[in-house]
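# Secondary and tertiary structure notes
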Amino acid sequence: MSSPVFPVSATVRTWKWVVIAKGGWRRLDLAVRYGLWQRPAEPPILIDTGYGYRTCKTRERSAPLKIYGGLLRPRLNPENLVAARLASLGYSMDEVQLTIVTHFHPDHIDGLKDLPKSRFLASKEMWSATSSLGRVGRTGSGVFLELLPLDFRQRLSFIEDLPLRVLPFGLGEGYDVLGDGELFAVPLGGHAPGHFGLLWPNLDQPLLYAADAQWLWRAVSEDRAPWLATRLVAHDGTEALKTMARLRAFADAGGEVVLCHDPSPSSFEAVGREA
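This text gives an overview of the structure that appears in the document. The structure displayed is predicted, hence computed values, not measured ones.

Cut-offs used in this document
Residues numbered from 1 in each chain as written. Predicted model: local features only at pLDDT ≥ 70, side-chain atom pairs only at ≥ 80, totals over all residues. Heavy atoms only, no water. Helix = DSSP H or I, 4+ residues; strand = E, 2+ residues; numbered from the N terminus. Rg over C-alpha atoms; globule rule 2.2 N^0.38 Å. Buried < 20%, exposed > 50% of the residue type's maximum accessible area, 1.4 Å probe, protein only. Contact = heavy atoms within 4.5 Å. Areas by Shrake-Rupley, 256 points an atom, 1.4 Å probe, with all protein chains shown as cover. Lys, Arg positive; Asp, Glu negative; His and termini not counted. Charge placed at Lys NZ, Arg CZ, Asp CG, Glu CD. Polar contact = N/O pair within 3.5 Å; in protein donor to acceptor, adjacent residues only side chain to side chain. Pairing = 2+ DSSP bridges. Axes fitted to C-alpha atoms, helices over the stretch in contact; angles between N-to-C directions. Salt bridge = Lys/Arg side-chain N within 4 Å of Asp/Glu carboxyl O. Phe/Tyr/Trp six-rings, centres within 6.5 Å; stacked < 30°, edge-to-face > 60°. Lys NZ or Arg CZ within 6 Å of the ring centre and 35° of its normal.

### With respect to the overall build of the chain
Looking only at helices and strands, the chain has 10 helices and 14 strands in total. Radius of gyration (C-alpha) of the chain: 17 Å, near the 19 Å computed for a compact globule of 275 residues. Principal axes of the C-alpha set define a box for the chain whose edges measure 45 × 45 × 35 Å. Here the chain, with 275 residues, has 54% of them falling under the buried criterion. Across the chain, every contact between residues at least 6 apart in sequence was considered, and the portion connecting residues at least 24 apart equals 64%. Total accessible area computed for the chain in this model is approximately 12300 Å², and 54% of it derives from carbon and sulfur atoms. Averaging the coordinates of the 31 positive side-chain charges in the chain and doing the same for the 30 negative ones gives two points 8 Å apart.

In structure tokens form, the structure reads like this:
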């Protein structure tokens, strides 16, 4: 079975203390990843989209999105943007049939409007929370609906409607994405309402893409969650700490964890591995 790849679409510079406890004042370039997983004779499944030009460059942005982009100042990697990586595999954006959206922050949905035929899979909890907020509330939560296609809801289905299974490695329960046990959506509370990761349990080394459960793996493995970010930025700081414990247990059991923003080079960035 082919492994997923997680290209780095952009980098964002921050202070190390923001993303790991006692990190100090050294500057750090965080990665912004998305995922591609290709099954035999099928177009790749897309996992989020990373950053693109809508957040960073276009003039049509709303004022709040311009402020967001100006504060974070993402530096794009043009050769790693979704369209470029798909083209390297011989596919176009029009050919993507399924895009899994782990949550609705801009660095995960910037390219959704460029996918005219894709179905979208997300969390019902996430969509309900987003839909119930007004514009001010969404902006405060870092959600910008202008990045979603106009027909997003018509193409959206929910992980909660998929078969629920007990997962290995102490991860609790998860949703069988394709119905064949190859890929599971794993609720990972804390970062945002309905935030989830993805588990490939049948690779030689089981892989969990934990999205934004934390920024750095060292913060997880050494139990060094940043106090300010975990308690003020995370949707639920208590749940974020519980999720960290689950990730450590998964790694201790022999699993591999990939985080969206960890700058450490990942063996899954460039090419997939065969299991």
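Now, onward.
### Describing the side chain of Ser 9
Its place among the elements puts Ser 9 in strand S1 (residues 8–15). Looking at Ser 9, the relative accessible area reads 0%, which means it is buried. In terms of polar contacts, Ser 9 uses its side chain to reach the backbone amide nitrogen of Tyr 51, at 3.0 Å. With near-sequence residues (within four places) excluded, Ser 9 lies in contact with Val 32, Tyr 34, Gly 50, Tyr 51, Arg 75, Leu 76, Asn 77, Asn 80 and Leu 81.

### Re the sheet that holds strand S6 (residues 98–100)
Pairing in this open sheet of 5 strands is mixed, and the strands run S3-S4-S6-S7-S8 from one edge to the other. One side of each edge strand has no neighbouring strand; the edge strands of this open sheet are strand S3 (35–37) and strand S8 (156–158). Averaged over all pairs of adjacent strands, the angle between strand axes in this sheet comes to 25 degrees, irrespective of strand direction. Across 2 bridges, strand S4 (residues 45–47) lies against S6 in parallel orientation. Among the inter-strand pairings, Leu 46 is bridged to a residue of S6, identified as Thr 99.

### Remarks on the pattern of salt bridges
Inspection of every chain in the model, using the stated rule, returns 11 salt bridges. The shortest N-O distance in the salt bridge between Asp 180 and Arg 39 comes to 3.1 Å. Taken together, the positions of Asp 180 in the loop between strand S10 (173–176) and strand S11 (184–187) and Arg 39 in the loop between S3 and S4 put the pair 141 residues apart, joining distant regions of the chain. Counted as one network, the salt bridges with shared partners bring together Arg 13, Asp 29 and Arg 75.

### With respect to the environment of Leu 216
One can find Leu 216 in the loop between strand S13 (207–209) and helix H8 (217–221). With relative accessibility at 6%, the residue Leu 216 sits in the buried group. Sequence-wise, Leu 216 and Phe 196 are 20 residues apart; in three dimensions their C-alpha atoms are separated by 17 Å.

### Some points on the sheet that holds strand S12 (residues 196–200)
With mixed pairing, the 6 strands of this open sheet are ordered in space as S9-S10-S11-S12-S13-S14. If you trace the sheet from one side to the other, it starts and ends with strand S9 (164–166) and strand S14 (256–258), each paired once. The sheet shows a mean angle of 30 degrees between the axes of neighbouring strands, taken without regard to direction. Across 3 bridges, the pairing between S12 and S13 is antiparallel. Within S13, the position partnered with Leu 198 by the bridge is Tyr 209.

### Quick look at unusual backbone geometry
Positioned with a positive phi, Arg 73 is a non-glycine residue whose angle comes to about 50 degrees. If you trace the backbone, Arg 73 turns up in the loop between helix H3 (63–72) and strand S5 (75–76).

### Considerations on the packing of aromatic side chains
By the definition in use, this model includes 11 aromatic pairs. Ring geometry for Trp 15 against Trp 25: centres 5.4 Å apart, planes inclined by 70 degrees, an arrangement best described as edge-to-face. Taken together, the positions of Trp 15 in strand S1 and Trp 25 in the loop between helix H1 (16–19) and strand S2 (27–33) put the pair 10 residues apart, joining distant regions of the chain. The class for Trp 25 is exposed, based on a relative accessible area of 62%. Cluster of aromatic residues (ring-pair linked, three or more members): Phe 6, Trp 37, Trp 200 and Tyr 209. Here Arg 27 stacks its cationic end above the ring of Trp 15, 4.2 Å away from the centre of that ring.

Treat this as a map of the structure, not an account of what it does.
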